[in-house]
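Take a look at the letters that make up each chain.
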Amino acid sequence: MKLYLKYLSIHIKSILQYKTSFLLTSIGQFLVSFNVFLGILFMFQRFSNVEGFTYSECLMCYSIVLLSFSFAECFFRGFDMFAGMIGNGEFDRILVRPRGLIFQVIGSKIELTRVGRVLQAIVMFCYAIPRSGIIWSASKVITLVNMVFGGTVVFAGLFVIYASLCFFTIEGLEFMNIFTDGAREYGKYPVNIYGKNVLKFCTYLVPFALFQYYPFLYLTGKSNQIFLAFYPILGGLFLIPCYLLWQSGVRHYKSTGS
Amino acid sequence: MIKVEKLSKTYQVLRRNAGLKEAFQSLFQKEYEEIRALDEVTFDILDGEMVGYIGPNGAGKSSTIKVLSGILTPDSGTCVIDGRIPWKNRKSHVREIGVVFGQRSQLWWDVPVIDSFELIRDIYMIPKEKYESNLEELTVSLSLEQIIKTPVRQLSLGQRMRCEIAASLLHSPKILFLDEPTIGLDAVSKLAVREFIIQLNQKHNTTVILTTHDMQDIEALTSRILLIGKGKILLDGSLTNLKEHSRNQSASLDEIVAQLYRQYEI
Amino acid sequence: MIKYISFFRMRFINGFQYKIAALAGIVTQFVWGAMEILLFQAFYRTNENAFPMEFSALTSYIWMQQAFLALFMTWFWEKELFDSIQTGNIAYELCRPTDIYTMWFVRGMANRASKALLRCVPILLMAYLLPKPYGLVLPSDLVLLAWFLFSMLLGFLVVVAFGMIIYGITFYTVNPMGVRMVSQSLAEFLAGAVIPLPFLPDSIKKVVELLPFAAMQNAPFRIYSGDISGKYLYQTILLQIIWLVIMVVLGKIIMHSALKKLCIQGG
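These numbers were taken from a predicted model, which means no experiment stands behind them. As a convention, each chain's residues are numbered from 1 in the sequence order in which they are written. Written order decides the labels, with chains lettered from A and ligands numbered from 1. This being a predicted model, a pLDDT of at least 70 is required before a residue's local features are given, and a value of 80 or more before pairs of side-chain atoms are given or counted; all residues contribute to the totals for chains, interfaces and linings. Working from all heavy atoms in the structure, the side-chain values ignore hydrogens and water.

Residues and elements named next belong to chain A. Here an axis means a line fitted to C-alpha atoms, over the contact stretch when the element is a helix, while the angle between two N-to-C directions is reported on a 0 to 180 degree scale. The secondary structure listing takes helices from DSSP runs of H or I that are at least 4 residues long and strands from runs of E that are at least 2 residues long, numbered from the N terminus. As a packed pair, helix α3 (residues 55–75) and helix α9 (residues 138–168) sit with axes 8 Å apart at the nearest point and diverge in direction by 45°. With respect to α9, the element α3 is oriented oblique. In terms of crossing hand, the pair formed by α3 and α9 is right-handed. Only Leu144, Met147, Val148, Gly151, Thr152, Phe155, Ala156 and Phe159 of α9 make contact with α3, whose side of the interface consists of Ile64, Val65, Leu67, Ser68, Phe69, Phe71, Ala72 and Glu73. The residue makeup of the contact of α3 with α9, split by class, is 12 nonpolar, three polar and one charged. Any angle from 65 to 115 degrees is called roughly perpendicular, while one under 35 is roughly parallel, one over 145 is roughly antiparallel, and all others are oblique. Definitions for this section: a left-handed crossing has its near helix turned counterclockwise from the far helix by less than a right angle. A right-handed crossing has that turn clockwise. By definition, residues are in contact when any of their heavy atoms lie within 4.5 Å. For this classification, Asp, Glu, Lys and Arg are treated as charged, while Ala, Val, Leu, Ile, Met, Phe, Trp, Tyr, Cys and Pro are nonpolar and the rest, including Gly, are polar.

Size of an interface, as often reported, equals the accessible area lost when the parts are brought together. With 41 residues of chain C at the interface, the matching set in chain A holds 34 residues. For this document, the term salt bridge refers to a Lys or Arg side-chain nitrogen within 4 Å of an Asp or Glu carboxyl oxygen. Between chain C and chain A we count three salt bridges in total. The closest approach of N and O atoms between Arg45 of chain C and Glu51 of chain A, which form a salt bridge, is 2.9 Å. For this analysis, a polar contact is any N or O atom pair within 3.5 Å, provided that within protein one partner can donate a hydrogen and the other can accept it, and provided that sequence-adjacent residues contribute only side-chain to side-chain pairs. Here chain C and chain A share nine residue pairs in polar contact (both at pLDDT 80 or more) between them. Looking at the side of chain C that touches chain A, the elements that each hand over two or more residues are α2 (19–46), α9 (176–191) and α10 (202–208) of chain C. The greatest single-element share of the side of chain C that touches chain A, amounting to 18 residues, is contributed by α2 of chain C. A per-class count over the side of chain C that touches chain A returns 27 nonpolar, eight polar and six charged.

Next up on the list: the confidence of the model for chain C. In regions of low pLDDT, the predicted coordinates are not meant to be interpreted in detail. pLDDT is defined as a per-residue confidence score from the predictor, taking values between 0 and 100. Looking at chain C as a whole, its pLDDT mean stands at 87, while 95% of the residues score no less than 70. In the predicted assembly, ipTM is 0.91 and pTM is 0.90.

All names here are of chain A. Taken together, the side chains of Leu234, Leu237, Ile240, Tyr243 and Leu244 make up a nonpolar region of the molecular surface, amounting to roughly 510 Å² of accessible area. Per element, the largest residue contribution to the nonpolar patch is three residues, and it comes from helix α15 (residues 239–256). Within the element layout of this structure, Leu237 appears in the loop between α14 (231–235) and α15. The patches reported here contain residues having more than 30% relative accessible area and no salt bridge. Joining distances are 9 Å for like charges and 5 Å for nonpolar side chains (Val, Leu, Ile, Met, Phe, Trp, Tyr). Throughout, the Shrake-Rupley method with a 1.4 Å probe supplies accessible areas, and for residues the shown protein chains are the sole cover considered.

Backbone torsion omega between Lys132 of chain C and Pro133 of chain C reads -5°, so that peptide bond is classified as cis. Topologically, Pro133 of chain C is positioned in the loop between α7 (100–129) and α8 (142–170). With a phi angle near 50°, Met125 of chain B is a residue other than glycine that sits in the positive phi range. Inspection of the secondary structure assignment puts Met125 of chain B in the loop between α4 (113–124) and α5 (128–141). Of note in this structure, Ser143 of chain B is not a glycine but carries a positive phi near 40°. In this structure, Ser143 of chain B sits in the loop between α5 and α6 (157–169).

In structure tokens:
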């Protein structure tokens, strides 16, 4: 933990060297997600609800997804940028240091410009909460925390998968954007609106629905089943295959060195 | 003590051709080429030895270094360093070695050098007293006092290399791998780096393995030379041995090596 | 001219080299389009009457958008150009006898077109094969197709001309990132890349449709799907031409005065 803080302090010091650039990138992050917000706003001016979900509910859903995505991107950026780390030999350096590989990858890249998105998420959140009609209780707060946390874990897992694939090839990994950027973009609405097949996919293959749709039903009072609040934890199991893939990637790297 | 026996490693490399037609063809079929990077490489290195590892580009130098530093697992053969197998006991092995990649930096670009040093201290969990005395010693012998508080991006190449070397030695490794440590340096920096390495070896009995294309480095630093070509060790001996291979006694070291490369067709 | 053709050819070959990447890109865009359609379908199911365009027109719009993404996305910047402006290497370009505006313009076109050409065919084909109402509908007659292609060319030129203005403005700023970020976010939304313009509230829509951004992807895609037709079609095309002329002239003025300033400063 102390070492992680050390990494963090170096990242902060680096950013302070480029204050304008940091500020502008953060604003840019804000603007991009602001566009998505505008899209939602205008859609709901035309349609009062979608599949029973109201405007403020969808905003809340989007802010939860955006928040977890930003956290994952901020703290697990090393995996997201992994192709570069292999390319420039940074990963070789990590291999010759006596600490865990995953820990070092996490520490070596912390993307603080994502604060722009976090801010956007929080603003939408503050806007949506009083309008959502949710009666807040301890269990609802726990649900919310679970959702954000579970989402961060799932997105982090996807980044790890991406990084693991980088060991084998760096060609064609653009398709991973479907799951990362795609989930952020389309996670603005509860995933069931995309139909049964997408919901199944997001439940059993890539567990987006486990931190988004199911607990969201409980959060918005559409369901009284409290166990739905703990689905995000179930989604954490997703990390197991991600870790195994990572392990096999490292083995592959050590046997080819490229 | 480093003991390497019959180390072999083969890579598969994708072949690519130029041109639109060829590019289109490669949509459907791929050609692989096998490259034998290491071919039964065998050598021993004693504690405190300084060894120059030379050979043309792609001869297998960096593959060897990667195996010795635990980054690469060989196909066959053994390598034991102070009782450890590098690729099996990664963490305990790398604690005892230092690696300088001449063309890559381990320092953080935008922060003062000292911040990178402190991070390395925490990564290696170097005890406070040891860190301080090592830092003191390295600062003096590499003359870092003036530059240690400067962000890396503002340093000259020579200054940066001195810092890189210091960063690799903070945890007092027993073995130091230097991969082209003098590449691109000016004469003054080169001499300073060489002098420091000799001093390090004498004082701490650190084993130094050096890969370089600069024959002056070899001449100044090493008592023993390993020549590798096409994955095979072709020559293992002293500088004098190397010179004996040349018919022309007045030839420079560069000429002798070039002639050897031609002779072995590597 | 030969120079531009060989530049285009090189890009194209390069694209083939990375065919797996291109394939991945195609798959990504296909999934993206599918998700977008499913999303709009949910709204359509919820309230059919509030839907501002035919559902099949919407699907065509989305597939076109995915197929020709490289032609119309405003965030497709050439980093080299920004860098050369930033570092002042632009001065070397000025030594050459070619007109820099034209050169960059053609370069921008080649860059986008080569990328789009590789990707559009498979996407259009796949989209065409999808069952109704999800698939791409062929245009009803050849005249419409001709109008669509003409409008698409105009839209494409407007996008490149818009990019040129932004490059030009960069000369006057310390950090190009700010201008770039704001302009691209704004353009994305107003061009109908986030949601098609018919989905905007009517009062806003009326204004937005007159802006240059509506002359980018909005015009050709809606012409294709028949959402814009009749008298309205001529209006749209005319508006595209007007905006193209204005943006090219504006871009040239900005670029020339920026270069003049650079000459005086840089000597």
